[in-house]
Amino acid sequence: MSGQFEATVEVDRPVEAVFDYLADGRNDPQFSPRVLGIERVPDAPTAVGTVFRSTVKDAGMKTAREFRITDLEAPVRIRWAEASKNTVTVREGGYDLEALADGRTRVRIYNVLEGHGVGKLLVGLALAAARKDADAFGARIKAAAEAAIVQR
């Protein structure tokens, strides 16, 4: 079983700046409390093939995660896939960004979760929790991006 969750939010910052902020996955802990630490490999600007290695805490358990950037089109699209082998993984995820009037940006985030082994039984619970938190997750992205990006 697999399924998707998504959220859409409007950030009061220009699309290019929001893209740069989100493309640097090292910013994830600013809006995702489950991310305990993250590094970019190689430590160079994000490009297709860049890997983000993180330690996350889900349901009280720490796991290692590894996401690879699969598509990057500035300033409108970022895509990733999880390369790590966990019971529930992100088969595909991404951000879609759209420039709005007055220098704002519409951001849509989505993740397709997939269960493996016993994770096939757990993926439904993970999806329910992610869908329940989706709007709050979008709000955290908005708040973090607006706090991190200096308004001109």
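Look above for the structure.
Residues numbered from 1 in each chain as written. Predicted model: local features only at pLDDT ≥ 70, side-chain atom pairs only at ≥ 80, totals over all residues. Heavy atoms only, no water.

Within the protein, the regular secondary structure consists of 2 helices and 7 strands. Sequence-ordered secondary structure for the protein, helices as α and strands as β, is β-α-β-β-β-β-β-β-α. Relative to its length of 152 residues, the protein is compact, with a C-alpha radius of gyration of 15 Å against a globular reference of 15 Å. Once the C-alpha set of the protein is aligned to its principal axes, its extents read approximately 50 × 35 × 25 Å. Relative to its full complement of 152 residues, the protein shows a buried share of 41%. Across the protein, every contact between residues at least 6 apart in sequence was considered, and the portion connecting residues at least 24 apart equals 48%. If the 22 positive side-chain charges of the protein are averaged to one point and the 22 negative ones to another, these points end up 5 Å apart. (Helix = DSSP H or I, 4+ residues; strand = E, 2+ residues; numbered from the N terminus. Rg over C-alpha atoms; globule rule 2.2 N^0.38 Å. Buried < 20%, exposed > 50% of the residue type's maximum accessible area, 1.4 Å probe, protein only. Contact = heavy atoms within 4.5 Å. Lys, Arg positive; Asp, Glu negative; His and termini not counted. Charge placed at Lys NZ, Arg CZ, Asp CG, Glu CD.)

Counted according to the given criterion, the structure contains 3 aromatic pairs. On the basis of an interplanar angle of 70 degrees and a centroid distance of 5.0 Å, the ring pair of W80 and Y95 is categorised as edge-to-face. Placement of W80 in strand 5 (residues 77-82) and of Y95 in strand 6 (residues 88-99) is noted, with a sequence separation of 15 residues between them. The two residues W80 and Y95 agree in class, both being buried. Taken together, the aromatic side chains of Y21, F31 and F137 make up a single cluster linked through ring pairs. (Phe/Tyr/Trp six-rings, centres within 6.5 Å; stacked < 30°, edge-to-face > 60°.)

Judged by nonpolar contacts, the single largest core of 32 residues is most densely connected at L22, F31, I78, W80, Y95, L97 and V107. Not counting chain neighbours up to four residues away, the residues in contact with I78 comprise F19, L22, A23, I69, D71, L72, G93, G94 and Y95. (Core = buried A, V, L, I, M, F, W, Y, C linked by side-chain atoms within 4.5 Å.)

Attention shifts here to unusual backbone geometry. The omega torsion across V41 and P42 is -5 degrees, close enough to zero to call that bond cis. Examined against the element boundaries, P42 turns out to sit in the loop between strand 2 (35-41) and strand 3 (51-58). Despite not being glycine, D102 shows a phi value in the positive range, around 65 degrees. Inspection of the secondary structure assignment puts D102 in the loop between strand 6 and strand 7 (105-115). Its relative accessible area of 72% is what places D102 among the exposed residues.

Okay, the layout of surface pockets next. A volume near 1,200 Å³ is recorded for the largest pocket. As for the largest pocket, its lining consists of 43 residues, of which R34, D58, R65, V90 and L113 are closest to the centre. At 9 residues, the largest contribution of residues to the lining of the largest pocket is made by helix 2 (residues 119-148). Partitioning the lining of the largest pocket into residue classes produces 27 nonpolar, 8 polar and 8 charged. (1 Å grid on protein atoms, 1.4 Å probe; cavity = no way out; pocket = protein on both sides within 12 Å on 5 of 7 lines; lining within 4 Å. Points joined across faces, edges and corners; volume = space filled by probe spheres on them. Nonpolar A, V, L, I, M, F, W, Y, C, P; charged D, E, K, R; others polar.)

Here 4 bridges tie strand 5 to strand 6, and the two strands are oriented antiparallel to one another. The partner of W80 across the bridge, within strand 6, is G93. Here strand 5 folds back onto strand 6 in antiparallel fashion, the turn holding 5 residues. Pairing geometry for strand 6 and strand 7, over 11 bridges, is antiparallel. Its bridge partner lying in strand 7, E98 is registered against R106. In this antiparallel pair of consecutive strands, strand 6 and strand 7, the connection spans 5 residues, and D102 shows a positive phi of 65 degrees. (Pairing = 2+ DSSP bridges.)

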